[in-house]
Amino acid sequence: MRTVELVERKRDGGRLTSDEIAFLIAGYTKGEIPDYQMAAFCMAVVWRGMDMRETADLTAAMVATGERLDLRRFGRVVDKHSTGGVGDKTTLVVAPLVAACGLPVAKMSGRGLGFSGGTLDKLESIAGYRVDLSTAEFLAQLERIGIVLTGQTADLAPADGKIYALRDTTGTVPSIPLIASSIMSKKIAAGANAVVLDVKVGSGAFMKTLAEARSLARTMVAIGKAHRLAVRCELTDMEQPLGRAVGNSLEVAEAIATLRGDGPPDLLLLARLAGAEMLVLGGKARDRAAALRRIDRALADGSGLAKLHELVVAQGGDPRMVDEPSRLPRAPHVETLKATRTAYVKRIAADEVGLASVRLGAGRETKGQAIDHRTGIVLHAKVGDRVERGAPFAEVHHSGRPADAEAIEQVRAAFAWSAGKVGPRRLVLGRIS
Ligand code: URA
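What counts, and where the lines are drawn
- Residues numbered from 1 in each chain as written.
- Predicted model: local features only at pLDDT ≥ 70, side-chain atom pairs only at ≥ 80, totals over all residues.
- Heavy atoms only, no water.
- Near = heavy atom within 4 Å.
- Polar contact = N/O pair within 3.5 Å; in protein donor to acceptor, adjacent residues only side chain to side chain.
- Areas by Shrake-Rupley, 256 points an atom, 1.4 Å probe, with all protein chains shown as cover.
- Helix = DSSP H or I, 4+ residues; strand = E, 2+ residues; numbered from the N terminus.
- Nonpolar A, V, L, I, M, F, W, Y, C, P; charged D, E, K, R; others polar.
- Buried < 20%, exposed > 50% of the residue type's maximum accessible area, 1.4 Å probe, protein only.
- Arc of directions from axis to C-beta.
- Contact = heavy atoms within 4.5 Å.
- Salt bridge = Lys/Arg side-chain N within 4 Å of Asp/Glu carboxyl O.
- Pairing = 2+ DSSP bridges.
- Axes fitted to C-alpha atoms, helices over the stretch in contact; angles between N-to-C directions.
- Parallel < 35°, antiparallel > 145°, perpendicular 65-115°, else oblique.

*Asks:* Quick question: what am I supposed to make of the site of the ligand here?
*Replies:* For the ligand, the full set of nearby residues is His81, Thr83, Leu113, Tyr164, Arg167, Ile179, Ser182, Ile183 and Lys186. His81 is positioned with one of its side-chain polar atoms (N or O) 3.1 Å from an oxygen atom of the ligand. One of the side-chain nitrogen or oxygen atoms of Arg167 is found 2.8 Å away from an oxygen atom of the ligand. In isolation the ligand has 240 Å² of accessible area, and contact with the protein removes 97% of it. With 4 residues, the top contributor of residues to the shell around the ligand is helix H9 (residues 176-189). Of the residues assigned to the shell around the ligand, the class counts are 4 nonpolar, 3 polar and 2 charged.

*Asks:* Before we go on, may I ask you to explain helix H7 (residues 135-145) in this structure?
*Replies:* Residues separated by three or four positions in an α-helix point in the same direction, a consequence of the helix having 3.6 residues per turn. Buried within H7 are the following residues: Thr135, Phe138, Leu139, Gln141, Leu142 and Ile145. Along the long axis of H7, the arc covered by the buried residues comes to 165 degrees, so they all point the same way. Away from its buried face by more than 90 degrees, H7 exposes Ala136, Glu143 and Arg144. Where the residues of H7 are buried, they touch strand E2 (105-109), strand E3 (147-151) and helix H14 (303-314). One or two positions beyond H7, positive phi appears at Gly146, with a value near 75 degrees.

*Asks:* Where do I start with the pattern of salt bridges in this structure?
*Replies:* Opposite charge on two side chains permits pairing when their charged atoms draw close. Inspection of the entire model under this criterion finds 33 salt bridges. Measuring nitrogen to oxygen at the nearest pair gives 2.8 Å for the salt bridge that ties Arg72 to Asp70. Residue Arg72 is classed as exposed on the basis of its relative accessible area of 66%. Using a relative accessible area of 42% as the deciding quantity, one classes Asp70 as partly exposed. Counted as one network, the salt bridges with shared partners bring together Arg111, Asp121, Glu124 and Arg364.

*Asks:* It is not clear to me how the sheet that holds strand E8 (residues 343-348) should be interpreted in this structure. Could you clarify?
*Replies:* Think of a sheet as strands paired side by side through backbone hydrogen bonds, with each pair either parallel or antiparallel. Across the sheet, 3 strands lie side by side as E10-E8-E12; this open sheet has antiparallel pairing. Two strands close off the open sheet at either side, each with one partner strand: strand E10 (386-387) and strand E12 (415-418). For E8 and E10, the ladder comprises 2 bridges, and the chain directions are antiparallel. Residue pairing for E10: Ala343 is matched across the bridge by Val387. With respect to the sheet, helix H17 (residues 404-414) is in contact with E8 and E12, its orientation differing from that of E12 by roughly 35 degrees.

*Asks:* What exactly am I supposed to notice about the packing of helix H3 (residues 35-48) against helix H8 (residues 158-168) here?
*Replies:* The angle between the axes and the distance between the axes are what describe a pair of packed helices. Closest axis-to-axis distance for the H3/H8 pair is 10 Å, and the angle between their directions is 75 degrees. With respect to H8, the element H3 is oriented roughly perpendicular. Contact residues: H3 offers Asp35, Met38, Ala39 and Cys42, while H8 offers Ile163, Leu166 and Arg167. Here the contact of H3 with H8 is built from residues that sort into 5 nonpolar, no polar and 2 charged.

*Asks:* Can you walk me through the side chain of Glu20 in this structure?
*Replies:* Along the chain, Glu20 falls in helix H2 (residues 18-29). Within the local environment of Glu20, its side chain forms a polar contact with the backbone nitrogen of Thr17, the two atoms lying 2.8 Å apart.

This is the structure:
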């Protein structure tokens, strides 16, 4: 087979066979197909798409590049994943809460992708925290404390790790077959029985419309069915950032505050809903109401926060940063943006806020680039809030480089204002399973 012919066929809108897809994915993973050909192939998929059979084959080919974990001895294991958004630190709240309720959480997370942040980058704000556990360490930790939050081990769906990094910097993220296969290959390889997926919709998500988000959700449910993995999708709003913090250590601090009972209402609601869904799927609660009561107990009695502490210790992180989040890395400069007139926040362009955070160094513009965990944005107002003239509506945490001025202006411009009242946005837009 000649790689260029497969790229050309997809470019011209043709379909690839299972063997051709397996050849491309295995060849790229082994280093026999170069980055530029795989990038061209991904771009062709962005434009031409794949049908359900090709998408399922792509997922299976990615799973086949590595091992598949057998987690049966842990009982039912439920995973959680978000399709990516701005300010989405839900995993840092949900995973410890669910583990504190007795359901094992074994999660392999990703790095930031385009303007959306990644759980691994956030966790690395905690000094010493290791995201490169081996499979043996992963299993031993799950056995010992019932929670693991790490990167994809080199043995599990290694094709996804490589393709994900390539897509991040080649403009090839927003594609239903690429996103669905990326997420589902990790979930299948990681051995979960069920997965709760948060499919984000809006300017700060890869799916801009509810119709696209539904289609992505249905694709993932179908892939799950083919691999005997129960999939529940929640479609949630990403027209404005989630919570108030955007940027790695700022988001970790917000997740800790949420586990302490002092989090922003939208983040708290999503974390409670996802956590409850996981407990029901994992057989730890008979219905959503009972599951929500258990999650609320883990919030109120501090057991969720204690689980995060245990997790950080187990993975080599400095637990003092959980006890005192003021110890997390902090940017040397904070620019406070103030309202020039009294008005209601009509819109906060989540994509612009996400791009501004990348410009500040919180995300990557080139593959493998080091990031600055200290930088980011804190929103003092969300859509529907009234801000008095002279009051702060956002803070930009930056390192003081001349180029940061552009990011500051980008955050200012991301806000649209209204003289009249504006209602709050609806957070949960639908469910598919
Ligand atoms: N999350 C993933 O794991 N992969 C994608 O492609 C997008 C979001």
